[in-house]
Amino acid sequence: MFEYLMPLLVMPTYGDTLLNQTYQAAVERQIAYGRSLGLPWGISESGYNAIDVHRNYQYRAFGVPVWAQKGISRRLVIAPYASALALMVAPEEACLNLQRLAAEGLEGEYGFYEAIDYTPSRLPREKRAPWSGRSWPITRA
């Protein structure tokens, strides 16, 4: 999401332009993907639930599988900041998504967690929850 919406951080948008259509399409696709999974939406580059030998969380790009790099579809990490960026494009939908994230307890003392990692392979079996007929983890990165 960051790559698609980044221009909005520094320049205005104008209706009926290719950039404006791109912003709309990116947010609409994110929302549709989240709904298809029954999860909050907002996939972008972020930290996730993997650490290196120095116990630092790892950081990488994530995306909606239809538009993302090969191999991304096995990774499902929601970054709340992506919804904050989407406020510039789809304010109602973004507010609802942020409210959903808050209602699900995905914020702490200083605001939302950087990322919520729903990738099954990154959690032990006992931390996985049933979701959409599959076992998906719910954790905070």
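All values reported here derive from a predicted model rather than from experimental measurement.

*Asks:* Can you walk me through the environment of Leu8 in this structure?
*Replies:* Considering the arrangement of structural elements, one finds Leu8 in the loop between α1 (2-5) and α2 (18-37). Spatially, the C-alpha atom of Leu8 lies 9.5 Å from that of Leu19, the residues being 11 residues apart in sequence. The contacts of Leu8, once residues within four sequence positions are left out, are Thr13, Tyr23, Met88 and Val89.

*Asks:* Just checking my understanding: could you explain α2 for this structure?
*Replies:* One turn of the α-helix equals 3.6 residues, which is why residues spaced by three or four share an orientation. Look at α2: 29 Å from first C-alpha to last across 20 residues, which is about the 28 Å you get at 1.5 Å a residue. By the burial criterion, the buried members of α2 are Asn20, Tyr23, Ala26, Val27, Gln30, Ile31, Tyr33, Gly34 and Leu37. One or two steps after α2, the chain reaches Gly38, where phi turns positive at roughly 75 degrees.

*Asks:* Explain empty space enclosed by the protein to me, please; I cannot follow it from the model alone.
*Replies:* Overall, the coordinates contain one cavity of 30 Å³ or more when judged by the stated rule. Around the largest cavity, the lining residues are Gln30, Tyr33, Gly34, Leu37, Leu39, Pro40, Trp41, Gly42, Ile43, Leu76 and Ile78. For the lining of the largest cavity, the leading source of residues is α2, giving four residues. Each residue belonging to the lining of the largest cavity can be placed in one class, and the counts come to eight nonpolar, three polar and no charged.

*Asks:* Explain the side chain of Asn20 here, please?
*Replies:* Take Asn20: it is sitting in helix α2. At a separation of 3.2 Å, a polar atom in the side chain of Asn20 contacts the side chain of Thr13.

Procedures and definitions
- Residues numbered from 1 in each chain as written.
- Predicted model: local features only at pLDDT ≥ 70, side-chain atom pairs only at ≥ 80, totals over all residues.
- Heavy atoms only, no water.
- Helix = DSSP H or I, 4+ residues; strand = E, 2+ residues; numbered from the N terminus.
- Contact = heavy atoms within 4.5 Å.
- Expected span 1.5 Å × (residues − 1).
- Buried < 20%, exposed > 50% of the residue type's maximum accessible area, 1.4 Å probe, protein only.
- 1 Å grid on protein atoms, 1.4 Å probe; cavity = no way out; pocket = protein on both sides within 12 Å on 5 of 7 lines; lining within 4 Å.
- Points joined across faces, edges and corners; volume = space filled by probe spheres on them.
- Nonpolar A, V, L, I, M, F, W, Y, C, P; charged D, E, K, R; others polar.
- Polar contact = N/O pair within 3.5 Å; in protein donor to acceptor, adjacent residues only side chain to side chain.

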